[in-house]
Amino acid sequence: MVEFLAHCLADSEISPLILTRGYAGGDEVRMLERHLLERPAKIGVGANRAATAASFIEKYGYVDPRDCASSQKNCINPKVGSHLKSGKIGAVILDDGMQHWSLRRDLEIVMVNGLMPWGNRKLLPLGPLREPLMALKRADIAVVHHADLISEQNLKDIELEMRDIKKSLSIFFTRMAPSYLFEVGNINSKIPLTAVCNANVLCVSAIGSANAFVQSLQKLGPCSVNRLDFNDHHSFQARDIEMIKKKLEELEGKFNPKPIVVVTEKDYDRDPEILMHLEAYKVLVLCSKLQIIPCRGCTEDSFKLLLKELVDVK
């Protein structure tokens, strides 16, 4: 979603600054840097995100894109747009920042994992929630993610519960759409998704929602899908590679053709080199991007329009 927002802003000639903690080795940062390489986006990494933002604004300058609203209602002011080339920051995206109460924000977007929206409904440390659900009252937009992997009834139940908390909440639905694969050791290769069709696949991941990754792979038509799940942000060690090899040898004895390994981009970016130790097997990286699913009149275009309207008003 952070990457999606950065693209939206850049398409509107607004240069975004992404603020992130760079947690656990910075896998997400490296992925963002690669995906936004050609865009006028900057990425600030650090635990003190206010200080990080201040240093970037001091270095590059800042322009308020809302200044254009008074001169040109529905298009970017040419004077403001010219700042895109100058590198001046026009908006800041705070990654995973709902509980960062010390920073004022103009717009609050809450992501909800549709596969497990509220967990056991308990707060940390007894459950996954950082705040009670009533905190949704602060949100301007809620996004139900992995909406393609859950039933229509579950979607309605999630939407109804959020509307009970805040009736005016704008709700959108998204999915991770697989785009292509590349081979570990050759990041510039673009392998079509059909490469896993009729293949025996071992999904290896250390992400927050491994089920979504596995279900997405299953939709691509492999013969069989097995999995090895590690904790979110886990850095693969030599013992993990041995465990993966052992699982592959086990699968090789059961299935034909020879199994292939598929990992997520986050897993690749965490440590591209260690995956090279699986050289006896083909190791592919699945590249996906967030898409807004047209639902109940909510589309990508309406999301972008609402984003613009909310930012302009505030």
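Notes on the structure in this doc start here. Since we're looking at a predicted model, the values are computed, not measured. (Residues numbered from 1 in each chain as written. Predicted model: local features only at pLDDT ≥ 70, side-chain atom pairs only at ≥ 80, totals over all residues. Heavy atoms only, no water.)

Here we look at the overall build of the chain
If you tally the helices and strands in the chain, you get 10 helices and 11 strands. Relative to the compact-globule value of 20 Å for 314 residues, the chain shows a C-alpha radius of gyration of 21 Å, a close match. For the chain, the spread of C-alpha atoms along the three principal axes comes to 70 × 45 × 35 Å. By residue count, 47% of the 314 residues in the chain fall in the buried class. Approximately 16,300 Å² of the chain is accessible, and the part contributed by carbon and sulfur atoms is 53%. Here the chain carries 41 positive and 40 negative side-chain charges, and the mean point of each set is 3 Å from the other. (Helix = DSSP H or I, 4+ residues; strand = E, 2+ residues; numbered from the N terminus. Rg over C-alpha atoms; globule rule 2.2 N^0.38 Å. Buried < 20%, exposed > 50% of the residue type's maximum accessible area, 1.4 Å probe, protein only. Areas by Shrake-Rupley, 256 points an atom, 1.4 Å probe, with all protein chains shown as cover. Lys, Arg positive; Asp, Glu negative; His and termini not counted. Charge placed at Lys NZ, Arg CZ, Asp CG, Glu CD.)

Description of the pattern of salt bridges
In total, this model carries 22 salt bridges according to the counting rule given. In this structure, the salt-bridge partner of D232 is K266, at a minimum N-O distance of 3.7 Å. Here K266 lies in helix α9 (residues 265–270) and D232 lies in the loop between β9 (224–229) and α8 (238–254), a separation of 34 residues in the sequence. A residue is classified by how much of its surface remains accessible, and D232, at 36% relative accessible area, is partly exposed. For D267, the salt bridge is made with R270, and the minimal N-O distance between the two is 2.9 Å. With a gap of 3 residues between them, D267 and R270 both fall in helix α9, about one helical turn apart. Each member of the salt-bridge network shares a partner with another, and the members are E152, E159, R163 and R296. (Salt bridge = Lys/Arg side-chain N within 4 Å of Asp/Glu carboxyl O.)

Remarks on the nonpolar core
Nonpolar side chains in soluble globular proteins tend to be buried together. In terms of nonpolar packing, the biggest core is built from 26 residues, with M1, F4, I18, I93, I141, F172 and F303 touching the most fellow members. For this core, the leading source of residues is helix α1 (residues 2–11), giving 6 residues. In contact with F303, not counting residues within four places along its chain, are M1, F4, L5, I109, I141, F172 and I292. If you look at the next biggest cluster of nonpolar residues, it comprises 22 residues, including F182, I241, L248 and V285. (Core = buried A, V, L, I, M, F, W, Y, C linked by side-chain atoms within 4.5 Å. Contact = heavy atoms within 4.5 Å.)

Without other data, these values stay purely geometric and don't point to any function.
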